[in-house]
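Descriptive analysis of the structure
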Amino acid sequence: AQSVSQHNHHVILSEAASLELGCNYSYGGTVNLFWYVQYPGQHLQLLLKYFSGDPLVKGIKGFEAEFIKSKFSFNLRKPSVQWSDTAEYFCAVNAPNTGNQFYFGTGTSLTVIP
Amino acid sequence: DAGITQSPRYKITETGRQVTLMCHQTWSHSYMFWYRQDLGHGLRLIYYSAAADITDKGEVPDGYVVSRSKTENFPLTLESATRSQTSVYFCASRLRGETQYFGPGTRLLVL
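We now turn to the structure provided with this report. From a predicted model like this one, the values you see are computed outputs, not experimental measurements. (Residues numbered from 1 in each chain as written. Chains lettered and ligands numbered in written order. Predicted model: local features only at pLDDT ≥ 70, side-chain atom pairs only at ≥ 80, totals over all residues. Heavy atoms only, no water.)

The next subject is the side chain of threonine 77 of chain B. Residues and elements named next belong to chain B. Summarising the element assignment, threonine 77 is placed in strand E8 (residues 76–78). For threonine 77, a relative accessible area of 15% gives the class buried. Looking at threonine 77, its side chain comes within polar contact range of the side chain of threonine 20, at 3.0 Å. With residues up to four places along the chain from it excluded, the contact list for threonine 77 reads Gln18, Val19, Thr20, Gly63, Tyr64 and Val65. (Helix = DSSP H or I, 4+ residues; strand = E, 2+ residues; numbered from the N terminus. Buried < 20%, exposed > 50% of the residue type's maximum accessible area, 1.4 Å probe, protein only. Polar contact = N/O pair within 3.5 Å; in protein donor to acceptor, adjacent residues only side chain to side chain. Contact = heavy atoms within 4.5 Å.)

All names here are of chain B. Read across the open sheet, the four strands follow the order E1-E3-E8-E7; overall the sheet is antiparallel. Two strands bound the open sheet, and with one partner strand each, they are strand E1 (4–7) and strand E7 (64–66). Neighbour-to-neighbour, the strand axes of this sheet turn through a mean angle of 20 degrees, independent of strand direction. Inspection of the sheet shows E7 paired to E8 by three bridges, in the antiparallel sense. (Pairing = 2+ DSSP bridges. Axes fitted to C-alpha atoms, helices over the stretch in contact; angles between N-to-C directions.)

Below, the discussion takes up the side chain of asparagine 75 of chain A. All names here are of chain A. With respect to the helices and strands, the residue asparagine 75 is situated in strand E9 (residues 73–78). On the basis of relative accessible area, asparagine 75 is assigned to the buried category, the value being 19%. There is a polar contact of 3.2 Å between the side chain of asparagine 75 and the side chain of glutamate 20. Reaching out from asparagine 75, the side chain makes a polar contact with the backbone nitrogen of cysteine 23 at a distance of 2.9 Å. For asparagine 75, the contacting residues outside a window of four places in its chain are Glu20, Leu21, Gly22, Cys23, Trp35, Glu64, Ala65 and Glu66.

Our next topic: the state of the cysteines. The term disulfide refers to a covalent linkage connecting the sulfur atoms of a pair of cysteines. According to the stated counting rule, one finds two disulfides over all chains in the structure shown. One disulfide bridge connects cysteine 23 of chain A with cysteine 91 of chain A, the sulfur atoms lying 1.9 Å from each other. Where cysteine 23 of chain A bonds to cysteine 91 of chain A through sulfur, the torsion about that S-S bond is close to -65 degrees, and the disulfide is left-handed. Within this pair, whereas cysteine 23 of chain A is found in the loop between strand E3 (19–21) and strand E4 (24–25), its partner cysteine 91 of chain A is found in strand E10 (residues 87–94), the two being separated by 68 residues in sequence. Cysteine 91 of chain A matches cysteine 23 of chain A in its accessibility class, with the two residues each being buried. Bridging cysteine 23 of chain B to cysteine 91 of chain B, the disulfide has an S-S length of 1.8 Å. On the sign convention where negative means left-handed, the S-S torsion of about -75 degrees between cysteine 23 of chain B and cysteine 91 of chain B marks this disulfide as left-handed. Here cysteine 91 of chain B lies in strand E9 (residues 87–94) and cysteine 23 of chain B lies in strand E3 (residues 19–25), a separation of 68 residues in the sequence. (Disulfide = S-S within 2.5 Å.)

What follows is about the interface of chain A and chain B. Taken together, the contact between chain A and chain B spans 20 residues of the former and 22 residues of the latter. Both faces combined, the contact of chain A with chain B buries some 1700 Å², and carbon together with sulfur accounts for 53% of it. At the boundary of chain A with chain B, the tally comes to zero salt bridges. On the surface where chain A and chain B come into contact, there are three residue pairs in polar contact (both at pLDDT 80 or more). Breaking the side of chain A that touches chain B down by element, the ones donating at least two residues are strand E5 (32–38), strand E6 (45–50), E10 and strand E11 (102–104) of chain A. If you tally residues by element for the side of chain A that touches chain B, the top one is E5 of chain A, at four residues. (Buried area = accessible area lost by both parts, 1.4 Å probe. Salt bridge = Lys/Arg side-chain N within 4 Å of Asp/Glu carboxyl O.)

All names here are of chain A. Judged by how many residues are buried, E9 sits mostly within the fold: five of six residues are covered. Where strand E8 (residues 64–68) lies against E9, five bridges are found, and the strand directions are antiparallel. Looking at the pairing, phenylalanine 67 lines up with phenylalanine 74 of E9. Adjacent in sequence and paired antiparallel, E8 and E9 are bridged by four residues, among which phenylalanine 72 carries a positive phi angle near 50 degrees.

Okay, structure coming up:
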């Protein structure tokens, strides 16, 4: 089975600081990659996704992520966070050629201090 | 556009009782999933379904039962609830190879 690692469990930043959340996965074949966000008390919402093409993908609310195949990584970035970005962030991987399951990381809790 | 809905949103039950969590989607997505979310574990897949009448176990299926008689519904049943099944349960759906969309979740407390 594949695994997804999110090394940052809790991140605290001040508003306007830059953000980078790490995500590494274990599967060596073709992958689809996702970042989801979960605001307090809400369900998971898609931030961005990578299926193929340009490894730098842009999502909603100013987030972007870069797929680096050689490092098995898909790190999430935002140049300037806002208080409203306080949420839990989940990285997910799907290997379309091997099955239908999504594998999620354990999540990173981001707190942005005004 | 209702999307994907779950009911109930909150449930308190006692150990040993049977509980059914409902999931309904209006997109005609072929795939549906049940996850539980617990601190320190992220999201773990309980069961999934590729189509009506086709279901498969995920990472943590023990103590759960699912059915999929209709494409739009995917109920999850806890046959005899245990305290360890206290969790937040999310249903999700998608088309093959596409993005997965999540429901609002059901918070279940087993006393």
